[in-house]
Amino acid sequence: MNAVLIGVFVYILAQLLIGVLVSRRIKTEADYLLAGRSLGYGLATFSIFATWFGAETCMGAAGRVYDEGLSGGAADPFGYGLCLILMGLFFAIPLWRRGFTTLADLFRARYSPGVERIAVLMMVPTSVMWAAAQIRAFGQVLSASSELGVAIAITIAALVVIIYTVYGGLRADAVTDLVQGIVLIVGLVIIFVVFTHNIGGVEALGQAIKPERLNLFGGQDASLLATLEKWAVPTLGSVVAQEMVARILATRSPAIAQRATLLGGGLYLLVGLIPVTIGLAAFSVMPGVSDGEQILPLIAQQQLPTILYILFAGALISAILSTVDSALLAAGALASHNLIVPLWPRVTEQTKVRIARVGVIVFGVIAYVLALSADGIYELVADASAFGGAGIFIIVVFGLFTRCGGAQSAYAALAAGALVWFYGEYVGELPYTYLGSLAAALLAYLLFAFTQSPQRAATPT
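Per-chain numbering applies: the sequence of each chain, read as written, is numbered from 1 onward. Selection of residues for local features in this predicted model requires a pLDDT of at least 70, selection of side-chain atom pairs for listing and counting requires 80 or more, and totals for whole chains, interfaces and linings are taken over all residues. Derived side-chain values reflect all non-hydrogen atoms in the structure, with water molecules and hydrogen atoms excluded from consideration.

Enquirer: I tried to follow the pattern of salt bridges on my own but got confused; where do I start?
Expert: Should their charged atoms come close, side chains of opposite charge can pair. For this analysis, a salt bridge means a side-chain nitrogen from Lys or Arg found within 4 Å of a carboxyl oxygen belonging to Asp or Glu. Overall, the coordinates contain 6 salt bridges when judged by the stated rule. Across the pair Asp105 and Arg108 runs a salt bridge whose closest N-O atoms are separated by 3.2 Å. With Asp105 and Arg108 both in helix α6 (residues 104–110) and 3 residues apart, this pair spans about one turn of that helix. Partly exposed residues are those whose accessible area sits between 20% and 50% of the maximum for their type, while under 20% is buried and over 50% is exposed, using a 1.4 Å probe and protein chains only. Classification of Arg108 as partly exposed rests on a relative accessible area of 36%. Among the salt bridges present, the one from Glu116 reaches Arg108, with a minimum N-O distance of 2.7 Å. Linked by salt bridges that have partners in common, Asp105, Arg108 and Glu116 make up one network. Put simply, DSSP H or I for four residues or longer makes a helix, DSSP E for two residues or longer makes a strand, and each gets a number counted from the N terminus.

Here it is in structure tokens:
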């Protein structure tokens, strides 16, 4: 067994130990799903940052910027960083003050239990397929660092994540996110420093970045609608994700909820600039790489000694673990709290925790099967993220901030958004599918809101 694999396994075992230790403090559903609503600035900020900062932010952002210039980073890190800032500015405090356990609680309180269930059925597949993509990425990192085959590595990856998420819930996620966030930042800083030193220092780094590749919005040839589509998917499509909402609801106060989200967004953008800068400079320093997403791994393999390469592998694994545990817990929380527990109104807190843990296991197994069998898992994730996302965004905005519309409006928005997206992706030719689905969801909501009887329109709780 090589030194890299030993280092990786030691790191993984540490995550498992944290999950087991934290599990002793779990007594209620709120303890498991929301860490007892006890997160302060440190845990909340790093948990928000690490949950969003996945392997695709490390390798994907560097690769897209290498291939396309700065505009390749429009979605990640800039779009997703903006998403966090929007969440902090507009959504964090209103969501925290409602005292919800999951985002779907808003749909039940503001619209109806039926809207709640439909929304959950749209949201859960996104989290599961996202978890599958991260598990597969974890398996590929393990396989690349050892003699293990990809299938065995994916199996190990799935077991690790499922076990410590099942044991510790959101509290374990938050603690491990702190560890993972620190390891991630250290790993990226090390590779940036080594890369900069090896190409001749900061001045050489600046000279390697070509000015014509620094247009964030795609250049003069990019249309306004194309630019809006590119930015709308990561910002509006992800701003109300359950993974993020859970961290906000788990904080001790509305001030912490808002400020930790803004700090997490700022940290996300700051750290995300590291792979972006490397991708921009590597275009000149290492031309001709056929797969841009291999830029960071290539630099690590060629330029880092073993001990530092272990830290780099730990950084990638940190990025993956912090995302996949959040996705599994989000799916388990939505299914258990909003679909299953309401069927037994008098169920005890201990039973609620057991149901949530079973949900994590079930969705973990499904994600594992997808990770093993789906070659195009990242494309599936992109589709799942867009499917239904426009309708969810519309009913959250109207549900939180207005008295306009009720259950019928919500049903119409969810249906219209999903149908237009499906048509644009698989049937017709819609050049701006997400914007089209967003417009359809908005128009459908307003149409039903203004034709609905005022006596039947719902009001915010």
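Enquirer: Explain the packing of aromatic side chains here, please?
Expert: Each aromatic ring pair is described using two quantities: the centre-to-centre distance and the angle formed by the ring planes. Each Phe, Tyr or Trp ring, with Trp reduced to its six-membered ring, pairs with another whose centre is within 6.5 Å; inter-plane angles below 30 degrees give stacked pairs, above 60 give edge-to-face pairs, and intermediate values give tilted ones. Using the criterion set out here, one finds 10 aromatic pairs in the structure. Measuring from centroid to centroid gives 5.2 Å for Phe422 and Tyr426, while their planes differ by 45°, and the two rings are tilted. Pair noted here: Phe422 and Tyr426 are both in helix α18 (residues 407–427), with a separation of 4 residues, about one helical turn. We classify Tyr426 as partly exposed; its relative accessible area is 48%. In textbook terms, an aromatic cluster arises when at least three aromatic residues are bridged by ring pairs, as seen for Phe49, Phe53 and Tyr268. Working rule: Lys NZ or Arg CZ, within 6 Å of ring centre, within 35 degrees of ring normal, means a charge sits over the ring. One cation-aromatic arrangement involves Arg213 over Phe283; the distance from NZ or CZ to the ring centre is 3.7 Å.

Enquirer: Please clarify how the environment of Ile366 should be interpreted in this entry.
Expert: Inspection of the secondary structure assignment puts Ile366 in helix α15 (residues 349–373). For Ile366, a relative accessible area of 38% corresponds to the partly exposed category. Between the C-alpha atoms of Ile366 and Ala132, which are 234 residues apart in sequence, the distance is 8.0 Å.

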